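Commentary on secondary and tertiary structure
Next come the chains, spelled out residue by residue.
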Amino acid sequence: MPTRKQQKLNKLPTHHEMANAIRFLSIDAVQKANSGHPGLPMGMADVSTVLFCKYLKFNPKDPNWDDRDRFVLSAGHGSMLLYSLLYLTGYKGSSLKDIINFRQLNSRCAGHPEYGHLKGIETTTGPLGQGFANAVGMAIAERKLSKDFGSKICDHFTYVIASDGDLMEGISHEAASLAGHLKLKKLIVFFDDNGISIDGPVSLSNSENTVNRFKAYQWNTISINGHDQNQISKAISKAQKSNKPTLIACKTQIGFGSPNKQGKSSAHGSPLGLDEIELTKAKLGWEYKPFEIPDDIKSEWLIAGTRSIGKYKKWKSNTNKMKSNSKKEYVRRINGKLPSNINKILNDFKKDCSNKKIAKATRQSSEMVINQISSHMPELVGGSADLTGSNNTKASDMKILNANNYSGNYIYYGIREHGMAAIMNGIALHKGVIPFSGTFLIFSDYCKPSIRLSALMKQRVIYVFTHDSIGLGEDGPTHQPIEQLAGLRSIPNLNVFRPADSVETAEAWQISLQSNDTPSAIALTRQSLPTIREKHVDKNLTAFGAYEIQKSLNKPRVSIFASGSEVEIALEVSKLLKKNKIKSRVISVPCLDKFEEQTSAYKNKIIGDSDLNVSIEAGSDLAWEKLCPKNRLSISMNTFGASAPYKKLYEYFGITPQKIYKKIINKI
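Bear in mind the structure is a predicted one, so any value in this text is a computation, not a measurement. (Residues numbered from 1 in each chain as written. Predicted model: local features only at pLDDT ≥ 70, side-chain atom pairs only at ≥ 80, totals over all residues. Heavy atoms only, no water.)

Structural notes on the sheet that holds strand β16 (residues 547–550)
Read across the sheet, five strands follow the order β16-β18-β17-β19-β20 without closing on themselves; strand pairing throughout is mixed. Two strands lie at the open edges of the sheet, namely β16 and β20 (632–635), each paired on one side alone. Shown here is a sheet whose adjacent strand axes are inclined to one another by a mean of 25°, direction ignored. In this structure, β16 lies alongside strand β18 (residues 584–588), joined through three bridges in antiparallel fashion. Its bridge partner being in β18, Y547 is matched across the sheet by S588. Set on the sheet, helix α23 (residues 600–607) makes contact with β16, β17 (558–562), β18 and β19 (612–616); between it and β18 the angle comes to about 130°. (Pairing = 2+ DSSP bridges. Helix = DSSP H or I, 4+ residues; strand = E, 2+ residues; numbered from the N terminus. Axes fitted to C-alpha atoms, helices over the stretch in contact; angles between N-to-C directions. Contact = heavy atoms within 4.5 Å.)

This is the structure we're talking about:
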């Protein structure tokens, strides 16, 4: 039989040849790196080829096209599948050099897809289930923007490739359940049903019927042979017409084409090996050198990358025909710009709080802020994990976003904290919507993997965490956060706020909204707090991270640093010291992360040179050493809490003005 090179190449490459380009770029890159996962790209190459060549709406020349279809490789370990597709279809910045340097330092083809490294990577994936949940968020954002601006402006699908592992992770259950409830019909998930995990057959640990599970979630389900291009095509066409989200279960062979590793776990997470690559080439009819793609196949892939140009031009025409005000608003939202009056609204609110000396729990203060801004920010979409009344995250004018009303701006996430956080990442990644939602601070642990990815991807996601200490009282140690603030503060590029009153709460919200590249966590009290900032200043003092709330005219013997509800206690301690003729000052510390950003001169000024530095926070002591590096008395929690009224707990754990005062006297 003549080889492909020997044949006259006067006909278009076949589907099989197009798919093999993906397979062998992936095989060669993993082999050269001596690291990676070739099995998934080999197994899902057929599905991806049909999707990109016939259905996906995209434009490699304008990869950020607002109305492009989103393609999420939730099974991020198969990253070479995505890198191959981006290179073959001509995405700007996607080079063969980076593929050759797969998994090497400074290569944009990292071990797992990282948002921002290459155009066409819609989200950072790798932690299984995260991409799946992100895609649910993208589908929510698409439906909302379509409702807000019309289907001529926003009308696209979100496609996902998910592995067995993605769908085993608990987060997938949470996200899939909500997607079915919301009837996100523009969401189409390809389940790579290859029956293999790293340990071996999936049957070692799992015997569920995944398709029936998704039927129970109110999804449309289709089962196909994932290597049959006709079945793949028919399934996508059917899914596009569904009034529900669709799961397409693609029965595939991991490591497709490898004579000795196809269908085995040995194809999952390690190179095939040079000998096996040669056998695979012979079996699949591929006769080219490593990383070589024949001109006709590459050309056909590049043509696939231009297939949506007509739709792109039509969309451009539609946006140009928008009414001036509507277009201006659309562009503002997509670009993530805040309305011009938001800063004034928040500043006026701060002034009002200072003048009226409002005493509120900071969770209530946060609700007041949301009420002030929500009607001016149609892009702001809130929510809660079944704690709306406790988190105070719903403004009075907010409408529910549900299957009957995608124009709403409040989502009932149900008791799905992890899914909620990852869905918010997807909403933010889509652009045009700013997500925030709430739960108790203790349950931030359920959200942690998604919060970490918010920070890694530099997304503006706002986490409202209420009931921030033993101050929540009777619910006891299961609900009282101790180490949570320290854990959140340890995440790079995450601003963790713990405001002391309504003024600082407004400032924390202002920074969170302005932080395009940084997620925020706002920790709020259950108990009422007085206004500590009684004199209004326009400047956002919380942006400094720490500032003097009470100064000393002469050198103070004692500097007291505190956050949140403990600032009130610090001020009372200072009064007791004054009665004993001991000079002191009080520093409010609403955000240690912002303090670290300040100049050395400012930080040295705030740290000062007092004889004794006292730090007060009803939580773990970790992270306070940077602010109080020496001569420190730590008032903190190094045990779990207890169940009792909150004032009794503060007394029991020694976090009262009188007890702290006595410790200071003994220390100096």
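Having put the structure on the table, let's press on.
Let's talk about the packing of aromatic side chains
Under the defined criterion, the tally for this structure stands at 23 aromatic pairs. Seen in terms of ring centroids, F132 and W219 are 6.1 Å apart; in terms of plane orientation they differ by 15°. Their pairing is stacked. A residue pair is termed long-range when its members are at least 10 positions apart, and F132 in helix α5 (residues 130–149) and W219 in the loop between α8 (210–216) and β6 (220–225) qualify at 87 residues. Summarising the aromatic geometry, the rings of Y410 and Y412 are spaced 5.4 Å apart at their centres and angled 80° between planes, so their arrangement reads as edge-to-face. An aromatic cluster is built from F52, F58, F71 and Y91, whose rings are joined through pairwise contacts. Sitting over the face of the ring of F157, K186 holds its NZ or CZ atom 3.9 Å from the ring centroid. Geometry around Y87 places K298 over its ring, the cationic atom sitting 4.1 Å from the centre. (Phe/Tyr/Trp six-rings, centres within 6.5 Å; stacked < 30°, edge-to-face > 60°. Lys NZ or Arg CZ within 6 Å of the ring centre and 35° of its normal.)

Considering the sheet that holds strand β9 (residues 380–384)
Across the sheet, which stays open at both edges, the six strands sit in the order β10-β9-β11-β12-β14-β13 with parallel pairing between neighbours. Both edges of this open sheet fall to β10 (410–412) and β13 (495–497), since each of them pairs with a single strand only. On average, adjacent strands in this sheet sit at an angle of 20° to one another, irrespective of strand direction. Pairing analysis gives five bridges linking strand β11 (residues 434–440) to strand β12 (residues 462–466), with the strands arranged parallel.

Observations concerning the pairing of strand β7 (residues 246–251)
β7 sits mainly inside the fold: five of its six residues count as buried. Across six bridges, the pairing between β6 and β7 is parallel. Bridging from a neighbouring strand, T221 pairs with L247 of β7. Handedness of the crossover joining β6 and β7 through helix α9 (residues 229–240) is recorded here as right-handed. (Buried < 20%, exposed > 50% of the residue type's maximum accessible area, 1.4 Å probe, protein only. Right-handed = clockwise from strand over helix to strand, strands pointing away.)

Regarding the packing of helix α3 (residues 79–88) against helix α11 (residues 295–304)
Put simply, α3 and α11 touch, their axes get as near as 8 Å, and they point 85° apart. When the axes of α3 and α11 are compared, the pair comes out roughly perpendicular. Contacts between α3 and α11 involve L85, Y87 and L88 on the former and, on the latter, K298, W301 and L302. Its residues assigned to classes, the contact of α3 with α11 shows five nonpolar, no polar and one charged. (Parallel < 35°, antiparallel > 145°, perpendicular 65-115°, else oblique. Nonpolar A, V, L, I, M, F, W, Y, C, P; charged D, E, K, R; others polar.)

Concerning the environment of A359
With respect to the helices and strands, the residue A359 is situated in the loop between α14 (342–356) and β8 (360–361). It is 22 Å that separates the C-alpha atoms of A359 and I511, two residues lying 152 residues apart in sequence.

A few points about the nonpolar core
Among the nonpolar cores identified, the biggest contains 69 residues, and F132, L187 and W219 are the most heavily contacted of them. No other element matches the ten residues that α5 contributes to this core. Ignoring anything within four residues of it in the chain, the contact list for F132 reads S74, V160, A162, L167, S172, A175, A176, V189, F214 and W219. Grouped together as the second largest cluster of nonpolar side chains are 63 residues, A19, L51, F102 and I222 included. (Core = buried A, V, L, I, M, F, W, Y, C linked by side-chain atoms within 4.5 Å.)

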